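# Remarks on the overall topology
Here are the chains, one letter per residue:
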Amino acid sequence: MEASASSLVCTWIVAACMSVSCRNDQHPSVLSSKTHTRWARKRRLLSKCNASTSFPGYGRSTATNTIEGFMSSCLSPCDRYNSSNGFSLSSSDFFGAASLFRSGNVHLGGRRRRPSRSGEAMAIAIQPSMETVTKKKPPTKQRRVVVTGMGVETPIGNNPNDFYNNLLEGVSGITEIEAFDCSNYPTRIAGEIKNYSTNGWVAPKLSKRMDRFMLYMLTAGKKALADGGITEDQMDELDKTRCGVLIGSAMGGMKVFNDAIEALRVSYRKMNPFCVPFATTNMGSAMLAMDLGWMGPNYSISTACATSNFCILNAANHIIRGEADVMLCGGSDAVIIPIGLGGFVACRALSERNNDPAKASRPWDTGRDGFVMGEGAGVLLLEELEHAKKRGATIYAEFLGGSFTCDAYHMTEPHPQGAGVILCIEKALSQAGVAREDVNYINAHATSTPAGDLKEYNALLHCFGKNQDLRVNSTKSMIGHLLGAAGAVEAVATVQAIRTGWVHPNINLDNPDEGVDTKVLVGPKKEKLEVKVALSNSFGFGGHNSSILFAPFQ
């Protein structure tokens, strides 16, 4: 009886072994089209198994041991078969702690019951042992990211040096709007770019068709390349599969889309065929990449007024992870048009100090009554350190890292306790490995709104209140709020502060809000400062918070 049972079990287990080995990861119950060939192989193996097995005298009390011993001898052909097919199967795979033959739910002498819990054991018994070898990447030193080029389009300058010199001198770019008649609007001022030209940067045909946010992006991006010393000869030497573009926009092509709506009032035949692609936020990055032939990471991010910082940090992460060596990143927006102005007027977010435009944007001052719209673009050329050294690039600063959080509180209002901002700053410091006391310069988001300025100020004091040398300013006091481009333009100002050793003033801070310590804020004149670590904040509608960190390259 024992030998008969053993023979039956051996037949079953060898068949199961071969079925599992041959199935190529199919379901155990599914047979291939080569059924007859497989059964022929099973019969041959079974005959070898039976021929090589001897049955010593076993008593009835050792029936289970007989089966185990018999199965051990039967497994040798299975081993040979599996070895030839890349599998490793041994008797230990069948006689473990959860062995099929130690399950009380399996009966060898009669009909096999459907096990209640032994299905797990059966699965162990019939599946081969496949040892997965995971190849671990050798430990590598984290790739460092540096800033090697900058490009801007702003109301007070269209190159980084002119832009920052005007900031240092306290020049305001806020003026009356000239692009259209806004005499019937309660707000008639903005940080408008005057005398903008694409000559030498963008083909005339595209200049006529594209939305201004795309044009600002293209010219600022190409200027960043030129500033970074990437000439046509160097461009040919770059591995373009490892060069990417990540420049975002908060609002996208609003004018192109608005013009399309006006044309549709007449007929769809009057619509610009490019109105859809040229209205999307990603198309600027795409067009710049097409122009340069850069095939690396390419997309845009839109997180309202935090857009630029999101793009900069994500671009840096592509370099750190080894997915790119060079990235153009930043933001662009151009919404000083009727629908843009009207929309923000409807939100009651804008200053109405029309009689004195230059004094309308006044962060932390008791007389502030809302932000001033601006337009433009800012682009950084980020590069992996060794790549920059190899081509002899001038390194302006090092990008240390940053972080994002969400207030999860209100669509437009900041969190009352500034919880999201504090968390964002603390995460940025942790991610970059920077101590609080090392941060001695902050380019604040400070938009000149009654609620937002104080909430950010209190969050900054919470994180850096003990820093005796801390200096804080707001670039928006002179150029207004560039929306999705704000963070990138302010990042350029931050890098320029590191380069020059000067921080620009806060203009229009005549009567600081109650509780605001002017010892922390930069005064009405530029100040000398050797920046150790600089922090730049950007926040956006939806509760988006972002903080990024720069430092002198050492």
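Residues numbered from 1 in each chain as written. Predicted model: local features only at pLDDT ≥ 70, side-chain atom pairs only at ≥ 80, totals over all residues. Heavy atoms only, no water.

### A short note on the packing of aromatic side chains
Quick note on the threshold: Paired rings are identified among Phe, Tyr and Trp, the last through its six-membered ring, by centres lying within 6.5 Å, and are further divided according to the angle between planes into stacked (under 30 degrees), edge-to-face (over 60) and tilted (the rest). Helix and strand assignments come from DSSP, with helices taken as H or I runs of at least 4 residues and strands as E runs of at least 2, each series counted from the N terminus. When a residue's accessible area, from a 1.4 Å probe over protein chains only, is under 20% of the maximum for its type it is buried; when over 50% it is exposed; and in between it is partly exposed. The rule for a charge over a ring is simple: NZ of Lys or CZ of Arg within 6 Å of the ring centre, and within 35 degrees of the ring normal.
Scanning the model with the defined rule gives 6 aromatic pairs in all. For the ring pair Phe344 and Phe371, a centre distance of 5.6 Å and an interplane angle of 80° mean the geometry is edge-to-face. With a gap of 27 residues between them, Phe344 in helix α12 (residues 338-346) and Phe371 in the loop between α12 and β6 (376-384) connect regions that are remote in the sequence. The class of Phe344 is buried, set by a relative accessible area of 10%. A ring pair is formed by Phe399 and Phe550, whose centres lie 5.4 Å apart and whose planes are at 75°; its orientation type is edge-to-face. Of this pair, Phe399 sits in strand β7 (residues 397-406) while Phe550 sits in strand β13 (residues 544-551); the two residues are 151 residues apart in sequence, bridging distant segments of the chain. Accessibility assignment for this pair places Phe399 and Phe550 in one class, buried. Between Arg499 and the ring centre of Tyr396, over which it is positioned, the NZ or CZ distance is 4.1 Å. Taking the ring centre of Trp502 as reference, the NZ or CZ of Lys526 above it sits at 4.8 Å.

### Some thoughts on the sheet that holds strand β1 (residues 145-153)
Formally: Any two strands with at least two DSSP-identified bridges between them are counted as paired. Only the contacting stretch of a helix is used when fitting its axis, a line to C-alpha atoms as for every element, and angles between N-to-C directions run 0 to 180 degrees.
Spatial ordering of the open sheet is given by β4-β5-β6-β1-β7-β13-β12-β8-β9, a layout of 9 strands whose pairing is mixed. The open sheet terminates on both sides in strands that have one partner only, identified here as β4 (243-248) and β9 (471-473). For this sheet, the mean angle separating the axes of adjacent strands, direction not counted, is 25°. As paired strands, β1 and β6 are joined by 8 bridges and run antiparallel to one another. Bridging across to β6, Val146 finds its partner in Glu383.

### Description of the nonpolar core
Condition: To qualify as a nonpolar core, a set must consist of buried Ala, Val, Leu, Ile, Met, Phe, Trp, Tyr and Cys residues joined through side-chain atoms within 4.5 Å. Should any heavy atoms of two residues lie within 4.5 Å, those residues are counted as being in contact.
Residues Val147, Phe163, Ile312, Leu380, Leu382, Phe399 and Phe550 are the most contacted members of the largest nonpolar core, which totals 48 residues. Examining the composition of this core, we find that 8 residues originate from one element, helix α17 (residues 486-500), more than from any other. Sequence-distant contacts of Phe163, that is, excluding residues within four places in its chain, are made with Val152, Thr154, Ile156, Gly157, Thr475, Ile479, Val489, Val492 and Ala493. Residues Val202, Tyr216, Ala224 and Cys275 belong to the second largest nonpolar core, which totals 36 residues.

Keep in mind these values describe shape, not function.
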